[in-house]
Amino acid sequence: MITAGADLKIYIATRPVDFRCGHNGLAAKVQEMLGLDPFLCVGRDYVAEAP
C-alpha cells in the first residue's frame, strides 16, 4: 500500500516499458533513463505501463 507523505517520491515512466526483461533489466532501465540507483528505493516508487 502506498500512502502519501512528504518523504515519498513517485517516478512515472512516460513511455511503455517491456516487463519481459525481468527485475535486473527493469533496474537497468531506471538507472539509464532516470539516472537513479534502482536498489535505493526507500521513499521511492516507480510506476510503468506495460505496452
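Residues numbered from 1 in each chain as written. Predicted model: local features only at pLDDT ≥ 70, side-chain atom pairs only at ≥ 80, totals over all residues. Heavy atoms only, no water.

(A) Up close: the overall build of the protein. Within the protein one finds one helix and two strands. The order of α-helices and β-strands along the protein, N terminus first, is β-α-β. The 51 residues of the protein split such that 14% are buried. Pairs at least 24 apart in sequence give 56% of the contacts found in the protein among residues at least 6 apart. Carbon and sulfur atoms make up 57% of the accessible area of the protein, which totals about 4,400 Å². (Helix = DSSP H or I, 4+ residues; strand = E, 2+ residues; numbered from the N terminus. Buried < 20%, exposed > 50% of the residue type's maximum accessible area, 1.4 Å probe, protein only. Contact = heavy atoms within 4.5 Å. Areas by Shrake-Rupley, 256 points an atom, 1.4 Å probe, with all protein chains shown as cover.)

(B) Representation of the environment of Phe39 within the structure. Structurally, Phe39 is set in the loop between helix H1 (22-34) and strand E2 (44-47). In this structure the C-alpha to C-alpha distance between Phe39 and Ala27, which are 12 residues apart in sequence, comes to 7.6 Å.

Geometric descriptors of this kind do not, in isolation, establish any biological role.
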